[in-house]
Structure formats: structure tokens, C-alpha cells
Amino acid sequence: YAERGLPPRVQLPDPSGAAAAEVHAALDRHGWSPSGRLVHVMSAEIAHVLRAADRRAGATGPDVTVEASPDDGWVGCYRQDGGAPPPVAREILVNHPAAGFASIRRDGRTVAIARAAVDERWAGLFAVEVAPDQRGLGLGRSVSAAALRWAGRQGARRTYLQVSADNSPAVALYEALGYAVHHDYVYRAR
């Protein structure tokens, strides 16, 4: 980490547990500070998520495409709240043998994205992003459902995701789709 100018970090699952309290105290003594936010790791059965998404979507929803790799519009929508992703982002995003990239386009612009990666019976749902001027319209639900439908066709039956605990709209969406918190984690940095 030092050679790359990066601070070392430690991820602590279930930061409220007794064992974690001891680790936090030890890290405090050695100058490791809390870094970032509390993160929920949530999981669900894909079939339950898709049924809930279909109930909420009604008769019609937006057209969603799922591709084997992200195009420029998809990458342009990725992490837009944090600025443009670095050039290496595309390499990292496709560095999985079974990944699907869902997107919604309106007026020639990519306005919502999601990525699913399948490992046997599990699908990770990542990079759910909606353009700020398109939020609250159900697009996050639509791209997530499309990515998970794709994952189900690849053999996945269960899904997991990670979301900042303080991202109330996202947490509410995932709970409405049937996700439940499996565990939480935090980072500490030296």
C-alpha cells in the first residue's frame, strides 16, 4: 500500500458485536480511525425480488437492455456523483466471467445502470446508479430487476448487494424488493 501511496484499511464486519468492540479499541490504540460509512450487506431470493419488482412496476416499465460489457453511456453514468471514473474502471468492471450490464436510455442518454455478477447460485448486484434528474421514477428498481433476471438465466438463485446504511432511498427500495440486512461492516484506516 505504501508503494502505491494508499492508506491501509481494515474492514470490520458487524461493528456492534462484542468481538468487534475489542478490535475497535485495539485499532484506536494504534491510531486507526473510522473511515467511511456503515455499510449494509443485504441478501434475498432472486424470485422474491423479481415478484416484488413486477408488482411495483405495473403493466409497463421502461425498456432496459442488458449487455455483456458496458458501453460508453453506461460507464458515463457510473459513479457520476463522484466524478468521472478512472480509465481503468472499465477493465475492473468486466473482470468477471459472468457479468451483465443493465441500462435505461432516454433521449439518447443513459439515465440508469446496474451490474450483476454471477458466481454459481449467487448474483451480486452492483453499480445501481440513476441520473440525479431521473431519481424517484422507479428506474433503479427497473435496472436492478433486469440485471437479476439476466442473472437468473445464468443459474443464480440468490442475490446480495452492499449499500451505505445512510442511503435511505436505496435501503427502502431494497427492503421493498425483499432484501434483508445480513450483516454490516465499517472500515478503519491507519
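Preceding block: the structure.
Nothing here was measured: the structure is a model prediction, and the numbers come from that model. (Residues numbered from 1 in each chain as written. Predicted model: local features only at pLDDT ≥ 70, side-chain atom pairs only at ≥ 80, totals over all residues. Heavy atoms only, no water.)

Caption draft 1: The arrangement of the environment of Gly36 in detail. Looking at where Gly36 falls in the secondary structure, it is placed in strand 2 (residues 33-45). A residue is classified by how much of its surface remains accessible, and Gly36, at 72% relative accessible area, is exposed. The spacing of Gly36 and Val186 is 150 residues in sequence and 7.1 Å in space, taken between C-alpha atoms. (Helix = DSSP H or I, 4+ residues; strand = E, 2+ residues; numbered from the N terminus. Buried < 20%, exposed > 50% of the residue type's maximum accessible area, 1.4 Å probe, protein only.)

Caption draft 2: Quick look at the packing of aromatic side chains. Under the definition given, this model contains six aromatic pairs. The interplanar angle of 25° and the centroid separation of 5.7 Å between the aromatic rings of Trp74 and Tyr78 together place this pair among those described as stacked. Ring geometry for Phe126 against Tyr160: centres 5.9 Å apart, planes inclined by 80°, an arrangement best described as edge-to-face. Pair noted here: Phe126 is in strand 6 (residues 122-130) and Tyr160 is in strand 7 (residues 158-164), with a separation of 34 residues, a long-range link. An aromatic cluster of three or more residues is present, and its members are Trp74, Tyr78 and Phe101. (Phe/Tyr/Trp six-rings, centres within 6.5 Å; stacked < 30°, edge-to-face > 60°.)

Caption draft 3: Representation of the sheet that holds strand 7 within the structure. The mixed open sheet is built from eight strands, whose spatial order is 1-8-2-7-6-5-4-3. For this open sheet the edge positions go to strand 1 (9-13) and strand 3 (65-67), each flanked by a neighbour on one side alone. On average, each strand axis in the sheet is inclined to that of its neighbour by 25°, with strand direction left out of account. Direction of pairing for strand 2 relative to strand 8 (residues 180-189): antiparallel, over a ladder of eight bridges. By the bridge assignment, Val39 is partnered in strand 8 with Tyr185. Strands strand 2, strand 6 and strand 7 of the sheet are contacted by helix 2 (residues 46-57), whose axis makes an angle of about 85° with strand 2. (Pairing = 2+ DSSP bridges. Axes fitted to C-alpha atoms, helices over the stretch in contact; angles between N-to-C directions. Contact = heavy atoms within 4.5 Å.)

Caption draft 4: Representation of the nonpolar core in the model. Among the nonpolar cores identified, the biggest contains 34 residues, and Leu125, Leu148, Ala151, Tyr174 and Tyr179 are the most heavily contacted of them. Every element with two or more residues in this core is listed here: strand 2, helix 2, strand 4 (99-106), strand 5 (109-119), strand 6, helix 5 (139-153), strand 7 and helix 6 (168-176). The greatest single-element share of this core, amounting to eight residues, is contributed by helix 5. Aside from chain neighbours lying at most four places away, what touches Leu125 is Ala114, Arg115, Ser144, Ala147, Leu148, Thr159, Tyr160, Leu161, Tyr174 and Tyr179. (Core = buried A, V, L, I, M, F, W, Y, C linked by side-chain atoms within 4.5 Å.)

Caption draft 5: Up close: the layout of surface pockets. There is about 1,500 Å³ of room inside the largest pocket. Around the largest pocket sit 42 residues that line it, and Ala127, Val128, Glu129, Gln162 and Asn167 are the ones nearest its centre. Elements supplying a minimum of two residues to the lining of the largest pocket: strand 2, helix 4 (89-93), strand 6, helix 5, strand 7, helix 6 and strand 8. Among the elements that take part in the lining of the largest pocket, strand 6 stands out by supplying six residues, more than any other. Partitioning the lining of the largest pocket into residue classes produces 24 nonpolar, nine polar and nine charged. In this structure, the second largest pocket spans a volume of roughly 170 Å³. Around the second largest pocket sit Ala53, Asp54, Ala57, Gly61, Pro62, Val64, Arg141, Ser142, Ala145, Ala146 and Arg149, which together line it. At the level of secondary structure, the elements contributing two or more residues to the lining of the second largest pocket comprise helix 2 and helix 5. With five residues, helix 5 is the single largest residue contributor to the lining of the second largest pocket. (1 Å grid on protein atoms, 1.4 Å probe; cavity = no way out; pocket = protein on both sides within 12 Å on 5 of 7 lines; lining within 4 Å. Points joined across faces, edges and corners; volume = space filled by probe spheres on them. Nonpolar A, V, L, I, M, F, W, Y, C, P; charged D, E, K, R; others polar.)

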